Amino acid sequence: MLILTRKVGESIRIGDDILVKVVEIRGGQIRLAINAPLEVRILREEIYDRIKKSNLESVTYGPETMERVKEMLK
């Protein structure tokens, strides 16, 4: 993991197309402005984790689920 120190108004670049700028530091929070192409998905980690968990749950089938599906197909 790369760790950088930036002040308000300073930025970092990720590749050629992504710019992350420190907009404000207040208390224990940092506000970031992210400029990236529209096809780059940007999510807060807790949202990413929720989506990942939901996706895993949707493809996990237990024996009870399979029995219900069998009954529905009759």
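The present account deals with the structure reproduced in this document. (Residues numbered from 1 in each chain as written. Predicted model: local features only at pLDDT ≥ 70, side-chain atom pairs only at ≥ 80, totals over all residues. Heavy atoms only, no water.)

### Considerations on a nonpolar patch on the surface
Nonpolar side chains collect at one region of the surface, where Val8, Ile25, Ile30, Leu32, Ile34, Val40 and Ile42 lie side by side and expose about 610 Å² of accessible area between them. Top contributing element to the nonpolar patch by residue count: strand β3 (residues 29-35), with three residues. Mapped onto the fold, Leu32 is located in strand β3. (Patch = residues over 30% accessible without salt bridge, like charges linked within 9 Å, V, L, I, M, F, W, Y side chains within 5 Å. Areas by Shrake-Rupley, 256 points an atom, 1.4 Å probe, with all protein chains shown as cover. Salt bridge = Lys/Arg side-chain N within 4 Å of Asp/Glu carboxyl O. Helix = DSSP H or I, 4+ residues; strand = E, 2+ residues; numbered from the N terminus.)

### Quick notes on the sheet that holds β3
What the three strands build is an open sheet, ordered β1-β2-β3; its pairing is antiparallel. The open sheet is flanked by β1 (11-14) and β3, the only strands paired with a single partner. Each strand of the sheet is rotated relative to its neighbour by a mean of 25°, with strand direction disregarded. (Pairing = 2+ DSSP bridges. Axes fitted to C-alpha atoms, helices over the stretch in contact; angles between N-to-C directions.)

### Quick word on the layout of surface pockets
Unoccupied space between atoms shows up once a probe the size of one water molecule is rolled over them. Volume-wise, the largest pocket comes out at about 300 Å³. Taken together, Leu4, Arg6, Ile12, Ile14, Ile18, Val20, Val22, Ile25, Ile30, Leu32 and Ile34 make up the full set of residues lining the largest pocket. Residue assignment for the lining of the largest pocket shows that the elements contributing at least two residues are β1, β2 (18-26) and β3. The biggest single contributor to the lining of the largest pocket is β2, with four residues. In terms of residue class, the lining of the largest pocket is made up of 10 nonpolar, no polar and one charged. (1 Å grid on protein atoms, 1.4 Å probe; cavity = no way out; pocket = protein on both sides within 12 Å on 5 of 7 lines; lining within 4 Å. Points joined across faces, edges and corners; volume = space filled by probe spheres on them. Nonpolar A, V, L, I, M, F, W, Y, C, P; charged D, E, K, R; others polar.)

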